[in-house]
Amino acid sequence: MREGKLALVEAVITLHVFDEFRTASASAIPDIVMLLKDSNDSVRSNGVLALAELSERAELRAAISGVIPDIVALLKNSVGSVGVSTLAKLLEQAEFRPAVASAIPDIVVLLKDWQRSGSGRSHALSALAELSKHAEFRATISGVIPDIAAFLKDSRSDIRSYGVSALVKLSEQAEFRPAISNAIPNIVALLKDTDDSVRSDAAWALTKLSEQVEFLPPMSNIIPDIVALLKHPYFYLRSNAVSALVKLSEQSEFRAAVSCAIPDIVALLKDTDGFLRLNVASALAGLSEHAEFRPGIVDAIPDIVDAIPDIVILLRDHDPSVQINGESALAKLSEHAEVRAAISGVIPDIAALLKVTDPFVRSTGVLALVKLSEHAEFRPAILSTIPDIVALLKDAADAVRSGAVLALAKPSEQVEFRVAVSHAIPDILALFKDHWDYVRLNALSALAKLSDQAEFRSAIARAIPSIVKLLEDRHPSNAEYVVHLLVTLAAHDCFRDLIARCNLEHHCASLVAAEKHQLVLSGVKLFAGFSKYGYFSNLKLQIVLIALCRFYLPEPPLPPRGTLIEILLNDGNCYHLLVV
């Protein structure tokens, strides 16, 4: 029976996009509504998802509006999260909002039903957060904020946490902030909660809320409670406390209190958890941007130096977010001359990342080396890694190729790297034929960047015929990328005539005569980019007229493509093309 009900839902979802099944789809809505009351979670979930899918058809919305109370009723049970996502989907259509508005009292009742399961109230909170995105519901929601604040004292830890996150979400709307401000002391109290996750969530919430000036007065004394979390046995809570202190330090009101906590933060550089040590080192580097914190951080330099090998190890972590945090920490620490000698010592270890099997680690290694190349002390060691970065232009992973080609443009700004980078130009050109659009685009950006340096122009000049020939590729995005590069290169005198001599008029005419509008537009851009330098004088009138015809006439009476190219190249009179 369950399989039959699910098959019905799948059939309706699959067929409703076809015009001939519209009537049948509409007639199936009552049957789908019955599924919302089924005893099986999977059936109820698929039923409500089907209604969300069908809501995209305007002619079905009136029928679906009538079942919104049934969707709200789902918030009470185990598929409530699906009900929330469906309501969010329905709210995208204005026709459903009156029906949803009439259901708000039911959501509020669910919020206040202390006998109801915790998940039901959590789903109700999620629904209100979605409703708050729409101005017409905010007056009603303002009235229930005290009920949401009451969740901060719920006996269930998950409800306390959800109350915290709901208030943070609602604080995005200015209308709710006066009421939320009254709840700040209760959120502060959760920093001493008996549940680790609740304390962590409260610290995160207070850092978010501190971004709004209205909430700062009742938060004035929170720093000692957050500092106390630095010594908590749960390492993730210690790490979150560090992040919270760094975030709060962005507000001048908290800096004096955070300054007193620097020794406690420094002490965590000797923590047993490697990820926490990374977070602390990065945090101290960030805090050092403020003069108030520097005296305490200078005393910690030896411990920061000791943490650097651990940071490099974390660049190999299987979690990309850990890799990124490690790279960011190294970049921040490299801003301080006192630790650069230690970083110089680990550059070979960073270079070794370019040859590991994990593509994310290879990309992180490239990014770390490029960031470090901004400092002269590191350049001799990094210079020897350029051939390995160039080799990554042929990497099997598209993300690695893309990252490597963009990365090479950065060290080219430094004269020490230019000879080594110049050897990469043929491989960069080869990426113009890469099967990934974003790799091709990054290759274009890199070559355009390299053209700013005189040392690369002879190599780029030799490649001009190959670049222009890429215009023969009829892929619209390829043509767009190549035209952009050619116009960029035309800004340099040394390239213009070389480009123009590569049968550029023919390529321009061919693009304007193409069937795809994106190619036509690329042809117009090519014409505009070069005509200001005196090129294409024979094509000026024709390009404008052809472009107007192709973009603005529904069925432009154009001659065959080959004939059109001949007309363009032979300076023929194209006025007849405007005749409908």
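The rules we used
Residues numbered from 1 in each chain as written. Predicted model: local features only at pLDDT ≥ 70, side-chain atom pairs only at ≥ 80, totals over all residues. Heavy atoms only, no water. Helix = DSSP H or I, 4+ residues; strand = E, 2+ residues; numbered from the N terminus. Expected span 1.5 Å × (residues − 1). Buried < 20%, exposed > 50% of the residue type's maximum accessible area, 1.4 Å probe, protein only. Contact = heavy atoms within 4.5 Å. Core = buried A, V, L, I, M, F, W, Y, C linked by side-chain atoms within 4.5 Å. Salt bridge = Lys/Arg side-chain N within 4 Å of Asp/Glu carboxyl O. Axes fitted to C-alpha atoms, helices over the stretch in contact; angles between N-to-C directions. Parallel < 35°, antiparallel > 145°, perpendicular 65-115°, else oblique. Nonpolar A, V, L, I, M, F, W, Y, C, P; charged D, E, K, R; others polar. Left-handed = near helix turned anticlockwise from the far one by under 90°. Phe/Tyr/Trp six-rings, centres within 6.5 Å; stacked < 30°, edge-to-face > 60°. Lys NZ or Arg CZ within 6 Å of the ring centre and 35° of its normal.

## Quick look at helix H17 (residues 235-248)
- With 14 residues, H17 extends 20 Å between its outermost C-alpha atoms, agreeing within 8% with the 20 Å of an ideal straight helix rising 1.5 Å per residue.
- Looking only at H17, the buried set comprises Leu-237, Arg-238, Ser-239, Asn-240, Ala-241, Val-242, Ala-244, Leu-245 and Leu-248.
- On its buried face, H17 is in contact with helix H15 (196-209), helix H16 (223-228), helix H18 (255-260), helix H19 (262-267) and helix H20 (274-287).

## Some points on the nonpolar core
- If you look at the biggest cluster of nonpolar residues, it comprises 180 residues, and the most contacted ones within it are Ile-222, Ile-350, Leu-447, Ile-467, Leu-486 and Leu-526.
- The element that contributes the greatest number of residues to this core is H20, accounting for 8 residues.
- Excluding residues that lie within four positions of it along the chain, Ile-222 makes contacts with Val-188, Leu-191, Leu-206, Leu-248 and Phe-254.

## A look at the pattern of salt bridges
- Per the counting criterion, the structure on display carries 27 salt bridges.
- The shortest N-O distance in the salt bridge between Arg-379 and Glu-416 comes to 3.4 Å. Placement of the pair is Arg-379 in helix H26 (residues 379-383) and Glu-416 in the loop between helix H28 (398-409) and helix H29 (418-422), with a sequence separation of 37 residues.
- Under the relative-accessibility criterion, Glu-416 is labelled partly exposed at 37%.
- The salt bridge partner of Arg-496 is Asp-493, with a shortest N-O separation of 2.9 Å. Remark: Asp-493 and Arg-496 occur in helix H34 (residues 493-500); sequence separation between them is 3 residues, near one turn of the helix.
- For Arg-496, a relative accessible area of 17% gives the class buried.
- Taken together, the shared-partner salt bridges in this structure form one network comprising Lys-208, Glu-211, Lys-247 and Glu-250.

## Describing the packing of H17 against H20
- At a minimum axis distance of 10 Å, the contact between H17 and H20 shows a crossing angle of 10°. Put simply, H17 runs roughly parallel to H20. Each of Phe-235, Arg-238, Ser-239, Val-242, Ser-243 and Val-246 in H17 lies in contact with H20, whose residues at this interface are Phe-275, Leu-276, Asn-279, Val-280, Ala-283 and Leu-287.
- Per-class residue counts for the contact of H17 with H20 are 8 nonpolar, 3 polar and 1 charged.

## Concerning the packing of helix H24 (residues 340-352) against helix H25 (residues 359-372)
- Across the interface, H24 lies against H25 with an axial gap of 10 Å and an inter-helix angle of 150°. It follows that H24 is roughly antiparallel to H25 by the angle criterion. The interaxial crossing formed by H24 with H25 has left-handed handedness. Contacts between H24 and H25 involve Ile-343, Ile-347, Ile-350 and Ala-351 on the former and, on the latter, Gly-365, Ala-368, Leu-369 and Leu-372.
- Counted by class, the contact of H24 with H25 contains 7 nonpolar, 1 polar and no charged residues.

## Focus on the packing of aromatic side chains
- Inspection of every chain in the model, using the stated rule, returns 5 aromatic pairs.
- For the pair Tyr-234 and Phe-235, a centre-to-centre distance of 6.4 Å together with 80° between the ring planes defines the contact as edge-to-face.
- Taking the relative accessible area as the measure of exposure, Phe-235 reaches 32% and is therefore partly exposed.
- Taken together, a centroid distance of 6.1 Å and an interplanar angle of 75° make the contact between Phe-530 and Tyr-535 edge-to-face.
- Aromatic rings pair up to connect Tyr-234, Phe-235 and Tyr-236 into one cluster.
- Note that Arg-496 overlies the ring of Tyr-533, its terminal NZ or CZ placed 3.9 Å from the centroid.

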